[in-house]
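# Architecture and fold: a report
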Amino acid sequence: MTKKTAFWIFLIGTLSSAALFLGATYDTHRQVGALANVDKLSDQVVAGKRTFEKYNCNDCHTILGFGAYYAPDLTRVVQRVGEEGIRYRLKSPELAFANSPRKMPNQHLSDGEITDLVAFFRWVGEINNNDWPPQDSKKRLSRGEQMMVAKVGVSPGAAVFQTKGCMNCHSLKGTGGTFGPALDKIGAGMSAEEIEKYVKNPKSVDPNSKMPSQKDNLSGRELDEVAKFLAGLK
Amino acid sequence: MEYRSQKIAYWYFAAALPLFVLQVVVGLWLAANYTFTIPQSIVNVFPFATARAFHTNLLVLWMLLGFMGGTYYIIPEETKSEIYSTGLAWFQLIALLVTGVAALVGFLFGWTQGRPLLEIPMALDFVVVIGALVFLFNVGMTMFKAKNWTAIQGTLLGGLVFLALLYLFGIPFYRNLVIDWYYWWWVIHLWVEGAWELVTASIFAFVLMKITGVDREVVEKWLYVEIGLFLFTGLAGTGHHYYWIGAPRYWLWVGGIFSALEPLPILLMVIDTMHHVKERKAKIVNPLTWTYAIGCAVMHLIGAGVWGFLHTLPQINYYTHGSQVTVSHGHLAFFGAYALLNLMTFYYAMPKLQGIAAYDDRRGRIGFWTMCSAMMIMGLTFGVAGVLQSYIERVLGMGYMVAQGYMRLWMGVTMVMGVFFLAGLLTTVVDLFTLRPAKVKA
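What counts as what
Residues numbered from 1 in each chain as written. Chains lettered and ligands numbered in written order. Predicted model: local features only at pLDDT ≥ 70, side-chain atom pairs only at ≥ 80, totals over all residues. Heavy atoms only, no water. Helix = DSSP H or I, 4+ residues; strand = E, 2+ residues; numbered from the N terminus. Buried < 20%, exposed > 50% of the residue type's maximum accessible area, 1.4 Å probe, protein only. Contact = heavy atoms within 4.5 Å. Areas by Shrake-Rupley, 256 points an atom, 1.4 Å probe, with all protein chains shown as cover. Lys, Arg positive; Asp, Glu negative; His and termini not counted. Charge placed at Lys NZ, Arg CZ, Asp CG, Glu CD. Expected span 1.5 Å × (residues − 1). Phe/Tyr/Trp six-rings, centres within 6.5 Å; stacked < 30°, edge-to-face > 60°. Lys NZ or Arg CZ within 6 Å of the ring centre and 35° of its normal. Buried area = accessible area lost by both parts, 1.4 Å probe. Salt bridge = Lys/Arg side-chain N within 4 Å of Asp/Glu carboxyl O. Polar contact = N/O pair within 3.5 Å; in protein donor to acceptor, adjacent residues only side chain to side chain. Core = buried A, V, L, I, M, F, W, Y, C linked by side-chain atoms within 4.5 Å.

The next point concerns the overall build of chain B. Each helix and strand in chain B was counted, giving 15 helices and 0 strands. Overall, chain B is about 60 × 50 × 45 Å in size when its C-alpha atoms are taken along their principal axes. Within chain B, buried positions represent 67% of all 442 residues. Residue pairs in contact within chain B that sit at least 24 positions apart in sequence constitute 85% of those at least 6 positions apart. When the accessible surface of chain B is split by element, carbon and sulfur atoms take 75% of a total near 15,600 Å². The average position of the 25 basic charges and that of the 20 acidic charges among the side chains of chain B differ by 6 Å.

Look at helix H1 (residues 8-35) of chain B: 42 Å from first C-alpha to last across 28 residues, which is about the 40 Å you get at 1.5 Å a residue. For H1(B), the buried fraction is high: 23 of the 28 residues fall into the buried class.

With that settled, consider the packing of aromatic side chains. In this structure the tally under the stated criterion is 58 aromatic pairs over all chains. A ring pair is formed by B:Trp244 and B:Tyr318, whose centres lie 5.2 Å apart and whose planes are at 65°; its orientation type is edge-to-face. Residue B:Trp244 is located in the loop between helix H8 (216-237) and helix H9 (251-261), and its partner B:Tyr318 is located in helix H12 (residues 314-320); the two are separated by 74 residues in the primary sequence. Pairwise contacts between aromatic rings join A:Phe21, B:Phe169, B:Tyr174, B:Tyr182, B:Tyr183, B:Trp186, B:Tyr242, B:Tyr250 and B:Trp251 into one cluster. The cationic tip of A:Lys49 hangs over the ring face of B:Phe173; the distance from NZ or CZ to the ring centre is 4.5 Å.

Accessible area lost on assembly of the parts is the figure often given for the size of an interface. In this complex, chain B contributes 82 residues to the contact, which on the side of chain A involves 80 residues. Summed over both partners, the interface of chain B with chain A buries about 7,100 Å², with 64% contributed by carbon and sulfur atoms. When residues of chain B are sorted by the area they lose upon contact with chain A, B:Phe173, B:Arg175 and B:Tyr318 head the list and together hold 10% of the total. Here chain B is connected to chain A by 5 salt bridges.

Within the secondary structure, A:Ser100 is located in the loop between helix H4 (93-96) and helix H5 (111-125). For A:Ser100, the side chain forms a polar contact with the main-chain oxygen of A:Arg102, separated by 2.7 Å. Once residues within four sequence positions are removed from consideration, A:Ser100 is found in contact with A:Thr178, B:Thr37 and B:Met401.

With that settled, the discussion passes to the nonpolar core. Counting 197 residues, the largest nonpolar core has A:Phe121, B:Trp191 and B:Trp196 as the members making the most contacts within it. Ranked by the residues each element gives to this core, the list is headed by helix H7 (residues 177-212) of chain B, at 27 residues. If sequence neighbours within four positions are ignored, B:Trp191 has contacts with B:Val60, B:Leu64, B:Leu163, B:Leu166, B:Tyr167, B:Trp186, B:Trp196 and B:Glu197. A:Cys166, A:Ile195, A:Leu223 and A:Ala231 belong to the second largest nonpolar core, which has 25 residues in total.

For the rest of this paragraph, the subject is the side chain of A:Asn106. Residues and elements named next belong to chain A. By the secondary structure assignment, Asn106 is in the loop between H4 and H5. Residue classification places Asn106 among the buried positions, given a relative accessible area of 13%. At a separation of 3.1 Å, a polar atom in the side chain of Asn106 contacts the side chain of Glu94.

Attention shifts here to the pattern of salt bridges. Summed over the entire model, instances satisfying the criterion amount to 25 salt bridges over all chains. Between A:Glu222 and A:Lys164 there is a salt bridge; the shortest N-O distance is 3.6 Å. A residue pair is termed long-range when its members are at least 10 positions apart, and A:Glu222 in helix H11 (residues 220-231) and A:Lys164 in the loop between helix H7 (156-163) and strand E3 (171-172) qualify at 58 residues. For the residue pair A:Glu222 and A:Lys164, the accessibility class agrees, reading buried in each case. With its nearest N and O atoms 2.8 Å apart, the salt bridge here joins B:Asp360 to B:Arg362. What makes B:Arg362 exposed here is its relative accessible area of 55%. Three or more residues joined by partner-sharing salt bridges are found here, namely A:Lys3, B:Glu78, B:Arg216, B:Glu217 and B:Glu220.

Quick look at the structure:
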């Protein structure tokens, strides 16, 4: 091979790849309106994005998987912890994370900023992004549950409890989140029906509850199984 | 040193090294955040986010200073002429350092653009742009006046122009987060896997040619094939960042295929290096430079090539995206490809700039092996943490902090390795500043 041939390899390789890349970039711009619901990209959502950047949230949290890896991904945070849950964490992180090994700084956000942030997270959560992250995907989670039932030998209710995000807030035997109460003895005070009603719509039982409703998160069968499982903990 | 103006390179290297040390010190603090529970009062004043902005911005700053110093060292020898203006080179060094320090101090007070790796506020962005333009003008003018074109300097100039142009895409505010990330990667990925690779390949080719005495024709031929492959795979390979951001589905194919090819040019670089060892014509005067060259090629292949390849297939990336697996890849790749490249350049140029023909390399060797071993283990411990995280959080669907609990031990080991790395780095830095001539062997 001569130096001239080598130069042509360089030129053709680079130009072909650049052409493909720029062509796909053009097409991405064409499609992004539908994929990211640009019609719902209101000024409030943009204000939320500015707030998100102002407080440098992205250097601890990831969003759509990018950023630092120190704190949870926020892509589907509204679906996971609910709008109330976000407000509580932003307003008083020292209370919300009191028992957590990892802390979040109190940024002293105004109520307006918090509202904007929630709007931003709600919009991000609805982006059509090939069903990522897997733990928030309905399709994938049922597979995780099946695996647990089959391999680890836990009851279906326990599998639902472990895979549907309950442990983000509640703990069992010392493992899990610290936002909500530990549930080791929940069955001693509540029946399966009461638990099911509470999980479906916490505010209907206790107006001050911070727990997001799980009506859309869990199927009827899952609700039934997890309530049975929890009622058995005495 | 053949030209008087090459001396400016020394000050770029001298500015870059303390910044590297600071980067590693902040890195240790970050690891401590993972390993221990930091009290709320400290978190409120100096949160992880600020420390992380320090860690990554220092990385970019010291590496760019290293590249620029390397360029100022190489250009006179390639063009066979003095640098167009050493005054401009000084101005630009000071401008960049002042901007860097202003940015770091600003982060402490919450002055930030808030996008990871691109936290520098817009006002400072413009100073960076001016600094880059001055640099390109100075380097370009030196080349145009000398009228002596080589493939090495052409690649170098091309890489530097590409690098400066891409930075512009990171400056505006984008309303749409999807578009924001789309162009964010034009800076980050196309820098690291495009422009920086061009700069690296040309500096690497220059040093190899000088220390082995292999013909320019041979070196430059390989250079064309390597950078051709780097750009062929790297440009469309940007697609592996577009899988889950809300871009069209075909990026899964484009990203998957082109990223799978990304290790090829790096493999070629290793083969090329080995080939030069065999064909070398000159006696290797300072074998430590040589060790660095091979270390750079091998760690580049492991960190950027193999580790990158392992998790860019969409089916795997679905689970590993945004986990500590990425961090493992990032550390090994940056260290292997760019930190070792810069240190190799320093070890090649510093003795010449200080008028030492052959230096005593015992301390330098200890530094090299300590850093490489510590970083390799860190890559593995980050990797273990990342696999645990992917499995517990993404496959089993358990909570974020549940997974973090199991990872804590491994982040602790990483921190211990970081201490070893810092020791190796300090040895290296002290050695570079106080090189002594080698004792003549009896």
